[in-house]
There are 2 protein chains.
Amino acid sequence: MNEITSLARAAAAKLLHQRYRGDVPGVAVLNETLDVLLSHRSVRTYLPEKLPVGTLETLVAAAQSASSSSNLQVWSVVAIQEPARKARLAALAGNQQHILEAPLFLLWLVDLHRLAALSKERNESAEALGYFESFLLGAVDASLAAQNAVVAVESLGLGAMYIGAIRNHPAEVAAELNLPPQAFALFGLAIGRPDPARPAEVKPRLPQEVVLFKEQYEWGERERAGIAAYNERMRGFQQEQNLPVQDWTDQAGARIRNAASLHGRDVLRDVLNQLGFALR
Amino acid sequence: MNEITSLARAAAAKLLHQRYRGDVPGVAVLNETLDVLLSHRSVRTYLPEKLPVGTLETLVAAAQSASSSSNLQVWSVVAIQEPARKARLAALAGNQQHILEAPLFLLWLVDLHRLAALSKERNESAEALGYFESFLLGAVDASLAAQNAVVAVESLGLGAMYIGAIRNHPAEVAAELNLPPQAFALFGLAIGRPDPARPAEVKPRLPQEVVLFKEQYEWGERERAGIAAYNERMRGFQQEQNLPVQDWTDQAGARIRNAASLHGRDVLRDVLNQLGFALR
């Protein structure tokens, strides 16, 4: 083993320790891209500076380079930089301060409208777009694209934060963005230069044996033991971060308890119908 | 501008030309990670060799490093390496040869079962999981995770191919994987070492002005002109690749024409209900 390999091994072990806290899987490689991926953290505080020229176009090129099912390209993205519009969108998304701070706020759309419009202009049927499958395909492809953009963001030394709360008020968001029928803002993404004075931490995740199955799914003692270990590791993390100490099981349980836990998203299916997605 | 910047600029321009074919956005940076992202191609031919030890664990670590909404971690992944099971799954997914060739086939699950089981064991309600929003959140987070795995795959010199056709027969796939209620195989991912004798090409995408909007959505002359330009560029690409020459507009239109275009996925919503997702 040469010195570079040895250093890479040590760097990989350190990143994996941050991510898993004592349950490091047998990973022995590291390159610049893996370093970016494993170092991910959600950034909630940004410096008040513009992004370098060309950043948005670079992120969109990365996003469009992600796979697209049958090359249908059923997503779009709306880039928000005007402070007043950003503030109105932030108000619709739980008043999250980091949306206001971030110089760039991207709204990722499931966009079946483009294909629907092209078919309509050619007097052809686009019946398949009315099915649940087509909406799901759009949601998957928009997510693959956005994640490529996030990786690109982080490779450039910038930071990002997904904003699922944009789904709290989908009809109002659609109106703000002037969305046509069959277009839907799936999530937001705040992007900016992280404030080094308020650094974000890598959040520990469930041990691999809880989420990775070989050949078939299992739910048994191994998985329960992994979750118990994770609760303990998260308590350690919370103490370090001066966060309220609570089992992950309790935190997650509270988030899924009842319809009220969904912050208005319990009506999402009906609103999607109103936005032109039949979801058959 | 020093020499390294000049080289990076030229390399970026080349990658962007492959992706956009004459409509290169104003991107002036390139790093190793952007190189990986912009170079993506779907790999359909693999060498018959095992992946290096630790590859699967590296990919899962990258996947778990992606953002997770409220840290709920509502996805899992099943790694298939047994040839017989791979063959049965390939048969359910349109008999795609590359699934058989790939040494590793990953099934990415929307997994609400884990949280449902934890709540049940604690005699607590998990009512929110029955809503459409919870399924959608799982589909988004599974997609973000999988895309991180794809980027990791490609950074390691390996290749991958998403298999959406696994949704053609979701109930049979669930049975094969022994999935509990509220778990669903969203897509597959074939992974292996690309066969250099049968290289994959970078597929051109729509011009940025068609998918990227500033402040508000638009559907007008600029978008239509971009689509016309794309049809022409795709014809050039198809001719180069000895593929049937057909406008993208026609190809996409055929894919969305009617329920039969969905290859059985027109019943997906009903099957999801049967698999335990209420989708309220």
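Here, residues in each chain are numbered from 1, in the same order as that chain's written sequence. Note on labels: chains are lettered from A, ligands numbered from 1, in written order. Side-chain atom pairs in this predicted model are given and counted only at pLDDT of 80 or more, local residue features only at pLDDT of at least 70, and totals for whole chains, interfaces and linings cover all residues. The side-chain numbers reported here are obtained from all heavy atoms of the structure, hydrogens and water having been left aside.

Peer 1: I keep staring at the relation of the copies chain A and chain B and nothing clicks. Help me out?
Peer 2: Put simply, the two copies of the chain differ by a rotation about an axis and a shift along that axis. In the superposition of chain A on chain B (RMSD 0.0 Å, axial shift 0.0 Å), the rotation amounts to 180°. As the rotation angle and translation indicate, the two copies are arranged about a two-fold axis. When C-alpha distances to the rotation axis are compared across chain A, the minimum falls at A:Thr33, with a value of 2.5 Å. Of the interface residues in chain A, 100% have counterparts in chain B that sit at the interface too, so the contact is made through matching surfaces. Least-squares superposition aligns the copies on the C-alpha atoms of those residues with pLDDT at or above 70 in both. Contact definition: two residues touch when any of their heavy atoms are within 4.5 Å.

Peer 1: How should the pattern of salt bridges be read in this particular structure?
Peer 2: In the sections that follow, a salt bridge refers to a side-chain nitrogen of Lys or Arg positioned within 4 Å of a carboxyl oxygen of Asp or Glu. As enumerated under the stated definition, the model contains 36 salt bridges over all chains in all. Close ionic contact of B:Glu121 with A:Arg224 constitutes a salt bridge, the shortest N to O distance being 2.8 Å. Of this pair, B:Glu121 sits in helix α6 (residues 113–121) while A:Arg224 is found in helix α10 (residues 221–240), placing the two residues in two different chains. Looking at A:Arg224, the relative accessible area reads 30%, which means it is partly exposed. It is possible to trace a salt-bridge network through shared partners that takes in A:Glu82, A:Arg85, A:Arg88, A:Glu176 and B:Glu215. Elements are defined by DSSP. Helices are runs of H or I of four residues or more, strands are runs of E of two residues or more, and each kind is numbered from the N terminus. Only protein chains enter the area calculation, which uses a 1.4 Å probe; residues under 20% of their type maximum are buried, those over 50% are exposed, and those in between are partly exposed.

Peer 1: Can you walk me through the environment of A:Asn148 in this structure?
Peer 2: By the element assignment, A:Asn148 lies in helix α7 (residues 132–155). According to the relative accessible area criterion, A:Asn148 is buried, its value standing at 1%. With residues near it in sequence (within four places) discarded, A:Asn148 still touches A:Ala62, A:Ala63, A:Ser65, A:Ala66, B:Leu37, B:Gln147 and B:Val151.

Peer 1: Explanation requested: the interface of chain A and chain B in the structure shown.
Peer 2: Interfaces are often described in size by the accessible area the parts lose on coming together. Across the boundary between the two partners, chain A contributes 121 residues, which contact 121 residues of chain B. Where chain A abuts chain B, roughly 10700 Å² becomes buried across the two surfaces, and 58% of that area is made up of carbon and sulfur atoms. By the criterion of area lost to chain B, the three top residues of chain A are A:Glu215, A:Tyr217 and A:Ile256, representing 8% of everything that side buries. Where chain A meets chain B, there are 12 salt bridges. As used in this structure description, the phrase polar contact means that two N or O atoms lie within 3.5 Å; if the pair is within protein, one of them must be able to donate a hydrogen and the other to accept it, and residues adjacent in sequence are counted only when both atoms belong to side chains. Linking chain A with chain B are 78 residue pairs in polar contact (both at pLDDT 80 or more), by the criterion used here. If you tally residues by element for the side of chain A that touches chain B, the top one is α7(A), at 15 residues. Residue composition of the side of chain A that touches chain B, by class: 66 nonpolar, 29 polar and 26 charged. Alignment of strand β1 (residues 75–80) of chain A against strand β5 (residues 212–214) of chain B, held across 3 bridges, turns out to be parallel. Looking at β5(B), one finds that A:Val78 is bridged to B:Phe213. Take the accessible area each of two parts loses on contact, using a 1.4 Å probe, and add the two losses: that sum is the buried area. Throughout, the ten residues Ala, Val, Leu, Ile, Met, Phe, Trp, Tyr, Cys and Pro are labelled nonpolar, Asp, Glu, Lys and Arg are labelled charged, and all others, Gly among them, are labelled polar. Strands pair, by our definition, only if DSSP identifies at least two bridges between them.

Peer 1: I'm lost on α6(B) in this one. Help?
Peer 2: Each full turn of the α-helix corresponds to 3.6 residues, which orients residues three or four apart in the same direction. Burial of α6(B) is extensive: 7 of the 9 residues sit out of reach of the surface. Of the residues making up α6(B), those classed as buried are B:His113, B:Arg114, B:Leu115, B:Ala116, B:Ala117, B:Leu118 and B:Ser119.

Peer 1: I tried to follow α7(A) on my own but got confused; where do I start?
Peer 2: Residues and elements named next belong to chain A. With 24 residues, α7 should cover 34 Å at 1.5 Å per step; its first-to-last C-alpha distance of 35 Å lies within 8% of that length. Within α7, 24 of the 24 residues are buried, leaving the element largely enclosed by the surrounding structure. Just beyond α7, the residue with positive phi is Gly-157, at close to 80°. Multiplying 1.5 Å by the helix residue count minus one yields the expected span of that helix.

Peer 1: When you look at the packing of helix α3 (residues 55–64) of chain A against α7(A) in this model, what are you seeing that I'm missing?
Peer 2: Two quantities define a packed helix pair, namely the angle between the helix axes and the distance between the axes. Residue and element names in this part refer to chain A. Note on definitions: angles span 0 to 180 degrees between N-to-C directions of axes, and those axes are lines fitted to C-alpha atoms, for helices only across the stretch in contact. At a closest axis distance of 7 Å, the pairing of α3 and α7 adopts a crossing angle of 135°. Taken together, the axis directions place α3 and α7 in an arrangement best described as oblique. The hand of the α3/α7 crossing is right-handed. Listed contacts from α7 to Leu-59, Ala-62 and Ala-63 of α3 are Ala-145, Asn-148, Ala-149, Ala-152 and Val-153. Angle categories: roughly parallel below 35 degrees, roughly antiparallel above 145, roughly perpendicular from 65 to 115, and oblique for all the rest. Left-handed describes a crossing in which the near helix is turned anticlockwise from the far one by less than a right angle; the clockwise case is right-handed.

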